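Observations on the model geometry
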Amino acid sequence: ATPALTVRGLSHEPDDPFGTRLKDIALEVRRGEILGIAGISGNGQAELLSALSGETTGPADTVILSGKPVGHLDAGRRRKQGLTFVPEERLGRGAVPPMSLAENATLSAHGMGLVKKGFLRPKAAWAFAKTCIERFDVRCGGPGAAARSLSGGNLQKFIVGREIDARPKLLIVSQPTWGVDVGAAAQIRGELLALRDAGCALLVVSEELDELFEISDRLVVIAQGRLSPPVATGDATREMIGEWMSGLWEGSHAEA
C-alpha cells in the first residue's frame, strides 16, 4: 500500500541564523501507524515540522502525501490533501488568543463545511467547536470562550481535538502533552491511539521518551538535522535512543 507520507532527499537551509540545517531527511509513515520522532530540542524538529506542514516549501517530490508530491504546496493546500497539524506553540500558532473557540475552529477545519464559497458559516463553526468541547472534555465557557481564557491543558485538548475531528489521513503532532496534567495527557494519548486504530497515519514529535515508547509503533531520532534509521519500538531501548540522540547511530555522520 502507498505510505500516507513519504519524505526523501529533504534538505533545508534555515532562514534563522540559529536554526538547524536539515540534511537529506528520509522517512515513511504508513496508515494505521504512529511514527515517533525523538530528539533533544533544537536539533531540527522545528525546521522539519515547518517543511512537512507546508509553512516552508521546496521541490515537489521531497514530500509525498498518499502518492501525491506536495513539497511545493503551501499549508492550506496540504490540508486539503488530508494533512492536519498540531504545532508546539499553542497560543499564537495553534490558536489565535483573542478569538473564540468557534472562530479558531474555522482556521484549520477546512473540510468540515465551516467555510462555504469563501464565506464563514458561524452556526456550523459553533456546532463543530461544541462537539469538540464535549468529546474532548474541554473545560471552558463554551464555543464563545476566547482561546486565551483556557488553561494550557484545556486549550491543548481543544487544538488536538479540532485536528482529530477534521478526519485527517495524516496527523502531525508536536509535543502533544507538553505542560498538560496527567489526566489530560492520558486522554490525548488515548485519542491519538484511537485515531491510529481507525487507520490514520500519525507522526509524533516529542521530547518525552516515555510518551514515545508508550504510543509509537516505530521510532526515529533527529540529531543535528539528520534522521536515524527507523526502529520498531519493541526493539528499541532507552539507552540506545539516548545514544542516538547524540547523533551516534551506525552510519551516522558523527560516527564517521
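Some remarks on the pattern of salt bridges
Across all of its chains, the model carries 16 salt bridges by this definition. One salt bridge in this structure joins Arg93 and Glu55, with 2.4 Å as the shortest N-O distance. Highlighted residues: Arg93 in the loop between strand E6 (83-86) and helix H3 (101-108) and Glu55 in the loop between helix H1 (45-53) and strand E4 (63-65), separated in sequence by 38 residues. Between Asp137 and Arg139 there is a salt bridge, and its shortest N-O distance comes to 3.0 Å.

A look at the packing of aromatic side chains
A full pass over the atoms with the stated rule returns 1 aromatic pair. Across the ring face of Phe213, the terminal group of Arg238 is positioned such that the distance to the ring centre comes to 4.3 Å.

Remarks on the packing of H3 against helix H5 (residues 152-165)
At a minimum axis distance of 10 Å, the contact between H3 and H5 shows a crossing angle of 45°. Between H3 and H5, the angle is such that the two are oblique. In this structure, H3 meets H5 at a crossing whose hand is right-handed. Residues Leu101, Asn104, Ala105 and Ser108 of H3 lie in contact with H5, whose contacting residues are Phe158, Arg162 and Glu163. Across the contact of H3 with H5, the residue classes tally to 3 nonpolar, 2 polar and 2 charged.

A closer look at the side chain of Ser174
Topologically, Ser174 is positioned in strand E9 (residues 170-174). Overall, Ser174 belongs to the buried group, its relative accessible area being 1%.

Each value, and the rule that gives it
- Residues numbered from 1 in each chain as written.
- Predicted model: local features only at pLDDT ≥ 70, side-chain atom pairs only at ≥ 80, totals over all residues.
- Heavy atoms only, no water.
- Salt bridge = Lys/Arg side-chain N within 4 Å of Asp/Glu carboxyl O.
- Helix = DSSP H or I, 4+ residues; strand = E, 2+ residues; numbered from the N terminus.
- Phe/Tyr/Trp six-rings, centres within 6.5 Å; stacked < 30°, edge-to-face > 60°.
- Lys NZ or Arg CZ within 6 Å of the ring centre and 35° of its normal.
- Axes fitted to C-alpha atoms, helices over the stretch in contact; angles between N-to-C directions.
- Parallel < 35°, antiparallel > 145°, perpendicular 65-115°, else oblique.
- Left-handed = near helix turned anticlockwise from the far one by under 90°.
- Contact = heavy atoms within 4.5 Å.
- Nonpolar A, V, L, I, M, F, W, Y, C, P; charged D, E, K, R; others polar.
- Buried < 20%, exposed > 50% of the residue type's maximum accessible area, 1.4 Å probe, protein only.

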